[in-house]
Amino acid sequence: METIFKEGDRVYFHVYGWGKIFDIDVNVGVKFENLESYKYFNIELLKALSFTEYTLEGFSQERPEPLPKPGDIVWVRNEFPSEWEIGYFFKKEGNTYYTSASKNSQGWRSAGLEIRTTNPYTNEQ
């Protein structure tokens, strides 16, 4: 197996913390400092081993909403705690969603980093 890791390397894995690589074959074996036993990592899990400590801030397995169609009514905001603005979706560029005052993207325009196709205030009391 070709890998950047070598036996004896100190590595970090977000689930178990720090460990030391002791075996490289079809899989890579790591003995973690806070575990009694060792763990083996296949080629896909090697992507999670790091030479530096890291967190999974922002990690989510929540399925994102599909991108709205141009002309759909949407709510956008820059980031929490800013207020949501309603408008007609007309495009996305990079991480920014653009809305306008009319379905054909004429009139004022607004941009935001978050978008919803359902009213975000529905569950507020």
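Anything mentioned here points back to the structure above.
The model shown is predicted, which means the values in this text are computed figures rather than measured ones.

1. Thoughts on the side chain of S110
In step 1: Looking at the secondary structure, you find S110 in strand β8 (residues 109-112).
In step 2: Side-chain polar atoms of S110 contact the side chain of E85, separated by 2.7 Å.
In step 3: Dropping the residues within four chain positions of it, S110 is found in contact with V76, E85, Y97, Y98 and T99.

2. A short note on the pattern of salt bridges
In step 1: Tallying each qualifying case throughout the model produces five salt bridges.
In step 2: A salt bridge links E44 to K47; the shortest N-O distance between them is 3.1 Å. Here E44 matches K47 in class, with each residue exposed.
In step 3: For R116, the salt bridge identified is with E114, shortest N-O distance 3.6 Å.
In step 4: The exposure class of R116 is partly exposed, given its relative accessible area of 31%.
In step 5: Taken together, the salt bridges that share partners define one network made up of R77, E114 and R116.

3. Some points on the packing of aromatic side chains
In step 1: Tallied over the entire structure, the rule returns twelve aromatic pairs.
In step 2: One aromatic cluster is present, formed by F13, Y16, F32 and F41 through successive ring pairs.
In step 3: Sitting over the face of the ring of W18, R10 holds its NZ or CZ atom 4.1 Å from the ring centroid.
In step 4: Directly above the aromatic system of Y98 lies the positively charged group of K91, at a separation of 5.2 Å from the ring centroid.

4. Remarks on the sheet that holds strand β5 (residues 73-77)
In step 1: Spatial strand order, β8-β7-β6-β5-β9: five strands in an open sheet with antiparallel pairing. The open sheet is flanked by β8 and β9 (114-116), the only strands paired with a single partner. On average, each strand axis in the sheet is inclined to that of its neighbour by 45°, with strand direction left out of account.
In step 2: The pairing of β5 with strand β6 (residues 85-93) spans four bridges and is antiparallel. For V76, the partnering residue across the bridge sits in β6 and is E85.

5. Here's the deal with the nonpolar core
In step 1: Grouped together as the largest cluster of nonpolar side chains are eleven residues: F5, V11, F13, I21, V28, V30, F32, F41, L46, A48 and L49.
In step 2: Going through the elements one at a time, β1 (10-13) and β3 (28-32) are the ones with two or more residues in this core.
In step 3: Among the elements that take part in this core, β3 stands out by supplying three residues, more than any other.
In step 4: Of all hydrophobic cores here, the second largest spans five residues; its members include V74, V76, Y97 and I115.

Parameters and conventions
Residues numbered from 1 in each chain as written. Predicted model: local features only at pLDDT ≥ 70, side-chain atom pairs only at ≥ 80, totals over all residues. Heavy atoms only, no water. Helix = DSSP H or I, 4+ residues; strand = E, 2+ residues; numbered from the N terminus. Polar contact = N/O pair within 3.5 Å; in protein donor to acceptor, adjacent residues only side chain to side chain. Contact = heavy atoms within 4.5 Å. Salt bridge = Lys/Arg side-chain N within 4 Å of Asp/Glu carboxyl O. Buried < 20%, exposed > 50% of the residue type's maximum accessible area, 1.4 Å probe, protein only. Phe/Tyr/Trp six-rings, centres within 6.5 Å; stacked < 30°, edge-to-face > 60°. Lys NZ or Arg CZ within 6 Å of the ring centre and 35° of its normal. Pairing = 2+ DSSP bridges. Axes fitted to C-alpha atoms, helices over the stretch in contact; angles between N-to-C directions. Core = buried A, V, L, I, M, F, W, Y, C linked by side-chain atoms within 4.5 Å.

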